[in-house]
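The chain contents come next:
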Amino acid sequence: MVSDEALPGQAETEKTISRIHVVVTGAGFTRALVPGAPLLVDDFNNDVLEGKVHGLPNASRLLDWERNPHPQGHIDIERLMTRLDALMPYDYAEEVGNAANEYGFLLSELKRAFLDRIHEARKGKVHGDELKHFAEFCESDRCCCITFNYDDFLDEALAQTASWNPYWGYGFFCPSSQDTIASFDDLEQNSMLQLLKLHGSINWRPKLGYASPVAVDSTTHHHVWPGARLRFPQVS
């Protein structure tokens, strides 16, 4: 039997829940605000990548397989990075030689190429006012942001508000990389907003000595955004 009578506190709880907003963003979100930012399938200086793995038969073949179906030779960066990072049991087989090492080298160069694209995008046109307004909307409406993007453009914009910080704002405690070499007294205690980055972030770094897959408690953030309202602690 279901009663229509509200339980104590139920109306207030439902009112609170109804006001929660969730924003989900993909690569198109960043491209709209930062025109030079890459998409999921894009050119990450792919011809240069091909030149770097020239003479490495396994890495060259895998890169060709990824590029050939696209008319402009673009690559799906997530698909390729997943293949390179996860590896397969036969990648260690004697008949394929140094396939695992070749893939590790290609993965490293691919990440470097992605970071170069982000760096170049930052030097180009950025719709900073629109990004700022979006961050303010998230703050005023207490939005939870879920993103599949690796870039930290949204992180930087949210850090300009008083409601988000990278210590607690990623859904887990993510200390600064500086915390690994110095002791601090006054860390940020919480974050009113959450930015959940399901595929990771370019400003996350594993602590030295931790192997992949990197555990959450060994992940740090490694970026201080200019003008951000972060109360970074003083070295004691």
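Rules behind the numbers
Residues numbered from 1 in each chain as written. Predicted model: local features only at pLDDT ≥ 70, side-chain atom pairs only at ≥ 80, totals over all residues. Heavy atoms only, no water. Helix = DSSP H or I, 4+ residues; strand = E, 2+ residues; numbered from the N terminus. Buried < 20%, exposed > 50% of the residue type's maximum accessible area, 1.4 Å probe, protein only. Areas by Shrake-Rupley, 256 points an atom, 1.4 Å probe, with all protein chains shown as cover. 1 Å grid on protein atoms, 1.4 Å probe; cavity = no way out; pocket = protein on both sides within 12 Å on 5 of 7 lines; lining within 4 Å. Points joined across faces, edges and corners; volume = space filled by probe spheres on them. Nonpolar A, V, L, I, M, F, W, Y, C, P; charged D, E, K, R; others polar. Disulfide = S-S within 2.5 Å. Phe/Tyr/Trp six-rings, centres within 6.5 Å; stacked < 30°, edge-to-face > 60°. Lys NZ or Arg CZ within 6 Å of the ring centre and 35° of its normal. Contact = heavy atoms within 4.5 Å. Pairing = 2+ DSSP bridges. Polar contact = N/O pair within 3.5 Å; in protein donor to acceptor, adjacent residues only side chain to side chain. Axes fitted to C-alpha atoms, helices over the stretch in contact; angles between N-to-C directions.

Asks: Any chance you could break down the overall build of the protein for me, citing the residues and the numbers?
Replies: If you tally the helices and strands in the protein, you get 8 helices and 7 strands. For the protein, buried positions account for 40% of its 236 residues. As displayed, the protein offers around 14000 Å² of accessible surface, 56% of which is attributable to carbon and sulfur atoms.

Asks: Break down empty space enclosed by the protein for me, with residues and values.
Replies: Rolled over the atoms, a probe as big as a water molecule pinpoints where empty space is left. By the definition in use, this model includes 1 cavity of 30 Å³ or more. A volume near 60 Å³ is recorded for the largest cavity. Looking at the largest cavity, the residues that line it are T25, F29, T30, T147, N149, D151, L154, D155, L195 and K197. Of all the secondary structure elements, the ones that give two or more residues to the lining of the largest cavity are α2 (27–33), α8 (153–159) and β5 (194–197). Taken together, the residues of the lining of the largest cavity sort by class into 3 nonpolar, 4 polar and 3 charged.

Asks: Now, about the state of the cysteines: what can you tell me, with residues and values included?
Replies: Applying the stated criterion to the full structure yields 0 disulfides. Here C143 is not disulfide-linked; the sulfur of C138 is the nearest cysteine sulfur, at 4.4 Å.

Asks: Could you give me a rundown of the packing of aromatic side chains, with the residues and numbers involved?
Replies: Aromatic rings considered in pairs are described by the distance between their centres and by the relative angle of their planes. With the rule as written, the count across this model stands at 9 aromatic pairs. An aromatic cluster of three or more residues is present, and its members are W164, Y170, F172 and W204. Geometry around F44 places R117 over its ring, the cationic atom sitting 5.9 Å from the centre. Directly above the ring of F153 sits R122, whose terminal nitrogen or CZ lies 4.4 Å from the centroid.

Asks: Talk me through the environment of M81; I want residue IDs and the actual numbers.
Replies: Structurally, the position occupied by M81 is in helix α5 (residues 77–86). For M81, a relative accessible area of 14% puts it in the buried group. For M81 and G104, which are 23 residues apart along the polypeptide, the C-alpha to C-alpha distance reads 9.9 Å. If we skip the residues at most four places from it in the chain, M81 touches L107, L110, K111 and Y150.

Asks: So what's going on with the pairing of strand β1 (residues 22–25)? Which residues, and what values?
Replies: Only one face of β1 is buried, namely the one carrying V23 and T25, since none of V22 and V24 on the opposite face is buried. With 4 bridges joining them, β1 and strand β4 (residues 144–147) adopt parallel strand pairing. In the strand pairing of β4, V22 is matched with C144.

Asks: Tell me about the side chain of N165, and name the residues and values.
Replies: As for its placement among the helices and strands, N165 is situated in the loop between α8 and β5. The exposure class assigned to N165 is buried, which follows from its relative accessible area of 3%. Here N190 takes part through its backbone oxygen, which lies 2.5 Å from a polar atom of the side chain of N165.

Asks: Please set out the side chain of S177 residue by residue, giving values where relevant.
Replies: Position of S177 relative to the elements: it lies in the loop between α8 and β5. Here the side chain of S177 touches H222 through a polar contact of 2.6 Å, side chain to side chain. In contact with S177, not counting residues within four places along its chain, are T220, H221 and H222.

Asks: Any chance you could break down the layout of surface pockets for me, citing the residues and the numbers?
Replies: Of the pockets and cavities examined, the largest pocket occupies roughly 1000 Å³. Lining the largest pocket are 25 residues, with K111, Y150, H199, G200 and S201 positioned closest to its centre. Mapped onto the lining of the largest pocket, the elements with two or more residues apiece are α5, α6 (99–123) and β6 (204–206). Ranked by the residues each element gives to the lining of the largest pocket, the list is headed by α5, at 6 residues. Counted by class, the lining of the largest pocket contains 15 nonpolar, 6 polar and 4 charged residues.

Asks: A description of the sheet that holds β1 should follow, citing residues and the corresponding values.
Replies: In space, the 3 strands of this open sheet follow the order β1-β4-β5, with parallel pairing throughout. Both outer strands of the open sheet, β1 and β5, are each paired with one neighbouring strand and no more. Strand-to-strand twist across the sheet, computed as the mean angle between neighbouring axes with direction ignored, equals 15°. Judged from the 4 bridges that link them, β4 and β5 form a sheet pairing that is parallel. Counterpart to C145 in the pairing with β5 is L195.

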